[in-house]
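For reference, the chains in residue letters:
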Amino acid sequence: MKKIYLILFLATLSGGLFAQTTTPAPASKAQKEKEKEQRKLKKIAIFREQEEGENVFQRDFSAGARLNTDGWSGFVEKGYRKSRKKVTYFQIEFSEKKNNKEYKQSGGYSFTQRPYIFGKQNNFYPVKLGIGQRYLIGGKANKNGVEVDAIYYGGLSLGLLKPYYVNVQDPAGDNIDLKYSAENANLFLNKDKINGAAGFGKGWGDLSVVPGAHAKLGLRFDWAHFNEVVSALEIGVNAEMYTKKIPIMVPVNGTDYNKQFFFNAYVGIQFGKRWNKR
C-alpha cells in the first residue's frame, strides 16, 4: 500500500514540474509576436521619416550647374551627414569667368567667319576644390515641403589661362591664327585685319596656371518629393582671390580692366541621390 502511495506522489510531483516547464511556452511565443510587430512598426516609421519627413540619409551625391554674374560653372558634390542639422560636403567645380568689357562682333567680310571678342587676351577657367557645410534651417513637414539649408564653403582655386586666338591677315597677306603679345599688339588690335575668332581648340597647349582661393555663402532649397532624391535650387554670393591680376583683356589706352579679386552672385540647380552607408 505504501508503494502505491509513493508512486502516486511521484507521479503528481513530476506532472507539476512538467506543467511548470511547459506553461511559459505560450508566453514566449506571444512575446516573439509582439517583438516582431514592434520591428515592423519601427521599419514603417523609419520609411515614412526617410520618404516624407525629416531627412536622415547619411550620404548624398549630386551634380549641377550655376549661372554667375560673371560667367558659368558646373560641379559635382559629395555629402556626409554629421548630425541631424549638419552635412559636410566636398565639391569640384569647373567654371569660366568673363570680363564685363567682352562683347562679340563680326569679323572680316564673310558670313563663314566666327564672331570674335575684340581685345580679349585669355580665356579664364577656374578649377575649384573645396569643403563646406550645409546647416538645416527648416526641414520638410511632408513630401510636398521644401528643405532650406544655409551654405558656407571654401577652398583652393587653380585658374587656367588659355590664350585667345584670332584669325588675322598678316602684312604678307596670309591669314594666320594669332595670340596677343606686346610685339604683335598693332596687328592683334587692328579691327581691319581681323577675320574672326580662331577655333575653340586653339590655345590648349599654351595653358598657364594661377593659384588662388575662394569662398561662398548661400541658401539651398530642396523641393524633391522624397528625401532619397536631391532636387535643389541654390542662390548665394562667391568671392575669389588670385595671386596676381588675371589678364582676360588687353589694357586699352592705359586702362586695365583686369582684376585679382572677383566677387559675384549666382543661382544654381542640382540633382542627385541620397543613401545610407552599409
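Just so it is clear, the model here is predicted, and its values are computed rather than measured.

(A) Representation of the packing of aromatic side chains in the model. Per the stated rule, a full pass over the model turns up 11 aromatic pairs. Taking the centre distance of 6.1 Å and the plane angle of 50° together, the rings of Trp72 and Phe94 count as tilted. In this pair, Trp72 is assigned in strand 2 (residues 71-81) and Phe94 in strand 3 (residues 86-97), connecting sequence segments 22 residues apart. Classification of Trp72 as partly exposed rests on a relative accessible area of 34%. A ring pair is formed by Tyr125 and Trp204, whose centres lie 5.5 Å apart and whose planes are at 15°; its orientation type is stacked. With Tyr125 in strand 6 (residues 122-138) and Trp204 in the loop between strand 10 (194-197) and strand 11 (208-222), this pair connects stretches of sequence that are 79 residues apart. Under the relative-accessibility criterion, Tyr125 is labelled buried at 3%. Given the relative accessible area of 32%, Trp204 is considered partly exposed. By way of ring pairs, the aromatic residues Trp72, Phe94, Tyr125, Phe200 and Trp204 are connected into one cluster.

(B) Examining the sheet that holds strand 7 (residues 147-163) more closely. In spatial order, the strands read 1-2-3-6-7-11-12-13; together these 8 strands close into a barrel with antiparallel pairing. Between one strand axis and the next, the sheet turns by 25° as a mean value, whatever way the strands run. Sheet topology note: the strand 1 (residues 59-68)/strand 13 (residues 259-275) ladder contains 10 bridges and is antiparallel. When the sheet's bridge partners are listed, Phe61 is paired in strand 13 with Lys273.

(C) Quick peek at the sheet that holds strand 10. Ordered by their spatial adjacency, 3 strands build an open sheet running 9-8-10, and the pairing between neighbours is antiparallel. Of all strands in the sheet, those with a lone pairing partner are strand 9 (175-179) and strand 10, marking the two edges. Between one strand axis and the next, the sheet turns through 30° on average, direction left out of account. In the sheet, strand 8 (residues 165-169) pairs with strand 10 via 3 bridges, with the strands oriented antiparallel. Residue pairing across strands places Val166 opposite Ala197, the latter belonging to strand 10.

So, how was this worked out
- Residues numbered from 1 in each chain as written.
- Predicted model: local features only at pLDDT ≥ 70, side-chain atom pairs only at ≥ 80, totals over all residues.
- Heavy atoms only, no water.
- Phe/Tyr/Trp six-rings, centres within 6.5 Å; stacked < 30°, edge-to-face > 60°.
- Helix = DSSP H or I, 4+ residues; strand = E, 2+ residues; numbered from the N terminus.
- Buried < 20%, exposed > 50% of the residue type's maximum accessible area, 1.4 Å probe, protein only.
- Pairing = 2+ DSSP bridges.
- Axes fitted to C-alpha atoms, helices over the stretch in contact; angles between N-to-C directions.

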